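As a plain string of letters, each chain reads:
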Amino acid sequence: MSSSPLAAPLDVELRPDKPAILHVDSPGDVASWAAQNRESLHARVAEHGALLVRGLGLRDAGQIGAVFAGLTDTLMTEREAFAPRQVYGPGLYASTPWPANQPMCMHHELSYALDVPALMLFACPTAPGEGGATALADAEEVLTALPAGLRERFEREGWLLTRSYNDEIGASLEESFGTADRAEIERYCRDHAIDFTWRPDGSLRTEQRRSAVVRHPVTGRSCWFNQIAFLNEWTLAPEVREYLVDEYGPDGLPFNTRYGDGTPIGEDVVQLLNTTYEQHTRREPWQSGDLMLVDNIRTAHSREPFTGERQVLVGMAEPRRLADRRPNDEAGRR
């Protein structure tokens, strides 16, 4: 295949139940191909919200890292991770560890941070035996489909993420903040609008209130942008939730989400959010060698249960500090 820019939108396969797919013949030097076609690939992502590129034959972390570097100049170092990831290189990570038999429901990566990745990069050197798709959902469509009263409440109040750090479950302080130094952690929290409390046993509890709906920085359209359902206690498998509540208490869960005023979110609301996502989901099973680019603000993503070995590497890129990341202070004040 020529290394010249992509020819026309007709190259992209469009189906209502799948992401946009671009089929290519292996270009040989895939890193050079990615760099030379960066603008055209980004244009497809801007048009469709995500783009799956099939035929590149991506095989290993070194090659994938070079491709990611060709697609963006701004790979991010992850901060505020809720689970530890294996690091393969600067800005190159394994996908978040999660039980293979449990779904990882729809979310926008790092939607609780002030600096969010506008672009997500995924590469699959090893596809699973069955399942395991990184499914997608349009955040504009999801927002429109939610009941008006619920949508208006979240628009007004935002959402609250609570986290309790311990040495047993989830990311450690160093894995999440990049340091175990208490003063540095406190400085990070102050700089990123995170309320924090050190408990008598030395553990840390944090709260951060964020907007549930934001305007896309390019299109200006409103998007449902958060991790309300994904990080809520009711999304956990029942036996996992029961164990965590028994072990740490209802206020000591490793992570949980609430309405912006601090009110608990009911199981019925979480189920409604996940059902709405499912009604607007597009999916395409991974094939080994695939590449996918996702507009992280416009498009939510998930990970479906799978069998067999699955390896997907991830890059977070093009950090943006959105103007409306924090809801109105009066509306959310408790």
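We now turn to the structure provided with this report. Numbering of residues starts from 1 in each chain and follows the order in which that chain's sequence is written. Selection of residues for local features in this predicted model requires a pLDDT of at least 70, selection of side-chain atom pairs for listing and counting requires 80 or more, and totals for whole chains, interfaces and linings are taken over all residues. The side-chain quantities take in all heavy atoms of the structure and omit both hydrogens and water.

Attention shifts here to the sheet that holds strand β10 (residues 159-165). For two strands to count as paired, DSSP must find a minimum of two bridges between them. Here a helix means four or more residues in a row that DSSP labels H or I, a strand means two or more in a row labelled E, and each is numbered from the N terminus. Pairing within the open sheet is antiparallel, and its 4 strands lie in the order β11-β12-β10-β15. Two strands bound the open sheet, and with one partner strand each, they are β11 (195-198) and β15 (255-259). On average, adjacent strands in this sheet sit at an angle of 15 degrees to one another, irrespective of strand direction. Looking at chain direction, β10 and β15 are connected through 5 bridges and run antiparallel. By the bridge assignment, arginine 163 is partnered in β15 with phenylalanine 255. Helix α5 (residues 148-157) contacts β10, β12 (204-210) and β15 of the sheet and is inclined by roughly 105 degrees relative to β15. Helix axes use the C-alpha atoms of the stretch in contact, all axes being lines fitted to C-alpha atoms, and the angles between their N-to-C directions lie in the range 0 to 180 degrees. Between two residues, a contact is recorded if the distance between any of their heavy atoms is within 4.5 Å.

Turning to a negative patch on the surface, a few remarks are in order. Without a salt bridge and with relative accessible area above 30%, a residue can belong to a patch; like charges are then joined within 9 Å and nonpolar side chains (Val, Leu, Ile, Met, Phe, Trp, Tyr) within 5 Å. A 1.4 Å probe and the Shrake-Rupley method give the accessible areas. Residues count as covered only by the protein chains that appear here. Any carboxyl oxygen of Asp or Glu within 4 Å of a side-chain nitrogen of Lys or Arg constitutes a salt bridge here. Residues scored as charged are limited to Lys and Arg (positive) and Asp and Glu (negative), so that His and the chain ends carry no count. One atom stands in for each charge, and that atom is NZ of Lys, CZ of Arg, CG of Asp or CD of Glu. Taken together, the side chains of Asp167, Glu168, Glu239, Glu242, Asp246 and Glu247 present a region of like negative charge at the surface. Inspection of the secondary structure assignment puts glutamate 247 in helix α8 (residues 238-248). The class of glutamate 247 is partly exposed, set by a relative accessible area of 44%. When accessible area is computed with a 1.4 Å probe and restricted to protein chains, residues below 20% of their type maximum are described as buried, those above 50% as exposed, and intermediate ones as partly exposed.

Whether a set of points on the 1 Å grid over the protein atoms alone is a cavity depends on a 1.4 Å probe fitting there but being unable to get out, while an open set qualifies as a pocket with protein on both sides within 12 Å along at least five of seven lines; lining residues are those with an atom within 4 Å of a point. Grid points are joined across faces, edges and corners, and a volume is the space filled by probe spheres set on the points. Considering only enclosed or pocket space, the largest pocket measures out at about 570 Å³ in volume. Along its surface, the largest pocket is lined by 31 residues, and Trp98, Pro103, Met104, Cys105 and Thr235 are the ones closest to its centre. At the level of elements, β6 (104-107), α8, α9 (267-279) and β18 (299-303) are the ones that each hand at least two residues to the lining of the largest pocket. Gly is put with the polar residues, along with every residue not named as nonpolar or charged; the nonpolar set is Ala, Val, Leu, Ile, Met, Phe, Trp, Tyr, Cys and Pro, and the charged set is Asp, Glu, Lys and Arg. A class-by-class count of the residues in the lining of the largest pocket yields 21 nonpolar, 6 polar and 4 charged.

The next point concerns the packing of aromatic side chains. Pairs were defined over the aromatic rings of Phe, Tyr and Trp, the Trp ring being its six-membered one, requiring ring centres within 6.5 Å. Orientation was assigned from the angle between planes: stacked under 30 degrees, edge-to-face over 60, tilted for the rest. All told, the structure shown has 8 aromatic pairs when counted by the stated rule. Each ring, one from phenylalanine 82 and one from phenylalanine 230, has its centre 5.4 Å from the other, and the planes form 85 degrees; the classification is edge-to-face. A residue pair is termed long-range when its members are at least 10 positions apart, and phenylalanine 82 in the loop between α3 (61-71) and β4 (87-89) and phenylalanine 230 in the loop between β14 (222-224) and α8 qualify at 148 residues. Residue class for phenylalanine 82 comes out buried when judged on its relative accessible area of 10%. Residue classification places phenylalanine 230 among the buried residues on the basis of a relative accessible area of 1%. Plain terms: the ring middles of tyrosine 165 and phenylalanine 177 are 5.5 Å apart, the flat faces sit at 45 degrees to each other, and that makes the pair tilted. Remark: phenylalanine 177 occurs in helix α6 (residues 173-177) and tyrosine 165 occurs in strand β10; sequence separation between them is 12 residues. Each member of the pair, tyrosine 165 together with phenylalanine 177, is buried. Among the aromatic residues, ring-to-ring pairing joins Phe82, Trp98, Phe230 and Phe255 into one connected group. The rule for a charge over a ring is simple: NZ of Lys or CZ of Arg within 6 Å of the ring centre, and within 35 degrees of the ring normal. The ring of phenylalanine 306 has arginine 310 lying over it, and the distance from NZ or CZ to the ring centre is 5.8 Å.

Bringing unusual backbone geometry into the picture now. For glutamate 80, which is not a glycine, the phi torsion comes out positive at approximately 65 degrees. With respect to the element layout, glutamate 80 can be found in the loop between α3 and β4. Backbone geometry at leucine 110 places phi at a positive 55 degrees, although glycine is not the residue there. With respect to the helices and strands, leucine 110 occurs in the loop between β6 and β7 (115-126). The buried category is assigned to leucine 110, whose relative accessible area is 3%.

On the secondary structure map, alanine 100 appears in the loop between β5 (92-94) and β6. Separated by 133 residues in sequence, alanine 100 and glutamate 233 place their C-alpha atoms 19 Å apart. Once you skip the residues sitting within four places of it in the chain, alanine 100 turns out to touch Arg303, Pro305 and Phe306.

Let us look at the nonpolar core. Working definition of a nonpolar core: buried Ala, Val, Leu, Ile, Met, Phe, Trp, Tyr and Cys residues. They are joined through side-chain atoms within 4.5 Å. One finds Phe82, Phe122, Phe154, Trp224, Ile228, Leu273 and Trp286 to be the most contacted residues of the largest nonpolar core, which totals 49 residues. The dominant element in this core, judged by the number of residues it contributes, is α9, at 4 residues. With 26 residues, the next largest nonpolar core counts Trp33, Val45, Leu119 and Leu313 among its residues.

α3 packs onto helix α2 (residues 38-48) with a crossing angle of 80 degrees between their chain directions and a minimal axis gap of 9 Å. As far as their axial angle goes, α3 and α2 are roughly perpendicular. Between α2 and α3, the contacting residues are Arg38, Leu41 and His42 on the first element and Ala69, Gly70 and Leu71 on the second. Grouping the amino acids of the contact of α2 with α3 by side-chain chemistry returns 3 nonpolar, 2 polar and 1 charged. Here is the rule for angles: anything less than 35 degrees is roughly parallel, anything more than 145 is roughly antiparallel, 65 through 115 is roughly perpendicular, and the remaining ranges are oblique.

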